[in-house]
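Architecture and fold: a report
Now for the letters of each chain:
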Amino acid sequence: NAGVMQNPRHLVRRRGQEARLRCSPMKGHSHVYWYRQLPEEGLKFMVYLQKENIIDESGMPKERFSAEFPKEGPSILRIQQVVRGDSAAYFCASSPRQENTIYFGEGSWLTVV
Amino acid sequence: QKEVEQDPGPLSVPEGAIVSLNCTYSNSAFQYFMWYRQYSRKGPELLMYTYSSGNKEDGRFTAQVDKSSKYISLFIRDSQPSDSATYLCAMSEEAGGTSYGKLTFGQGTILTVHP
């Protein structure tokens, strides 16, 4: 029974490039959440999505960041024109329904050089 | 002031010790309280989940919530070297609307259990 799958696990981008992080939720889970963990900081909520819908994006930076969860395929967190401050671990979590028990993936570590 | 405060440690204890990890919070709307364990370069793993005040026990782990003091604790009995990890407390407001899965985390406490 596979858990939440994230890829790539590690990604290096130069300043100004785009980063795409993918997340496949656990089987049977249709709710996806993205969190960011900056160095020396705790996990911060970014966005909550259901299939084809953004439910809550109150934690997303206003510019350069976007997220989607299409009807088919994984959820994507997209960061355009990356800057050094975007270097962080990005975690995806999922749940089978609207609830607070969410299960995290192993994370994607983004390094901007 | 952060919504959730957690002593980052690090905390070092001998094998077999009882470990106490704590968080305080300021948002009285928090109703759901969780503890996650995170190994280095891995994702957080849910350990305990509690609704409102009270105690919950699962094996060597006991979670306590005192809403009147806005204080939560995780106790680990008979600690093992494999318990060495970062422990994160997390909280959420009353479920409803967009609140689901929107957790507020503490900074995490680094725990080392040495043989």
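Below is a summary of the structure that appears in this document. It should be emphasised that the depicted structure is a prediction, and the values quoted were computed from it without experimental measurement. (Residues numbered from 1 in each chain as written. Chains lettered and ligands numbered in written order. Predicted model: local features only at pLDDT ≥ 70, side-chain atom pairs only at ≥ 80, totals over all residues. Heavy atoms only, no water.)

**What to know about the state of the cysteines**
Residues and elements named next belong to chain B. Evaluated as defined, the whole model comprises two disulfides over all chains. A disulfide bridge connects cysteine 23 with cysteine 89, and the sulfur atoms are separated by 2.0 Å. Judged by the torsion about the S-S bond (-100°), the cysteine 23/cysteine 89 disulfide is left-handed. You can see cysteine 23 sitting in strand E3 (residues 19-25) and its partner cysteine 89 sitting in strand E9 (residues 85-93), a full 66 residues away along the chain. (Disulfide = S-S within 2.5 Å. Helix = DSSP H or I, 4+ residues; strand = E, 2+ residues; numbered from the N terminus.)

**Quick word on the side chain of Asp56(A)**
Counting through the fold element by element, Asp56(A) comes out in strand E6 (residues 53-56). Looking at Asp56(A), the relative accessible area reads 7%, which means it is buried. (Buried < 20%, exposed > 50% of the residue type's maximum accessible area, 1.4 Å probe, protein only.)

**A word on the environment of Ser28(B)**
All names here are of chain B. Locating serine 28 in the fold gives a position in the loop between E3 and strand E4 (30-38). Given a relative accessible area of 55%, serine 28 falls into the exposed group. When the C-alpha positions of serine 28 and leucine 46 are compared, they lie 23 Å apart, and in sequence the two are 18 residues distant.

**Digging into the pattern of salt bridges**
Opposite charge on two side chains makes pairing possible when the charged atoms of those side chains draw close. Here the structure, examined in full by the defined rule, presents eight salt bridges over all chains. Between Arg37(B) and Glu45(B) there is a salt bridge; the shortest N-O distance is 3.1 Å. For Arg37(B), a relative accessible area of 12% gives the class buried. By sharing partners, the salt bridges in this structure join Glu18(A), Arg20(A) and Arg78(A) into a single network. (Salt bridge = Lys/Arg side-chain N within 4 Å of Asp/Glu carboxyl O.)

**Quick notes on the sheet that holds strand E3 (residues 19-24) of chain A**
Residues and elements named next belong to chain A. Judged by pairing direction, the sheet is antiparallel, and its four strands sit side by side in the order E1-E3-E8-E7 without closing on themselves. On the outer flanks of this sheet lie strand E1 (5-7) and strand E7 (65-68), each paired with one strand and no other. Taken over all neighbouring pairs, the strand axes of this sheet differ in orientation by 15° on average, direction set aside. In this sheet, strand E8 (residues 75-79) lies alongside E7 in antiparallel orientation, the contact comprising four bridges. Counted as the bridge partner of serine 66 is arginine 78 from E8. (Pairing = 2+ DSSP bridges. Axes fitted to C-alpha atoms, helices over the stretch in contact; angles between N-to-C directions.)

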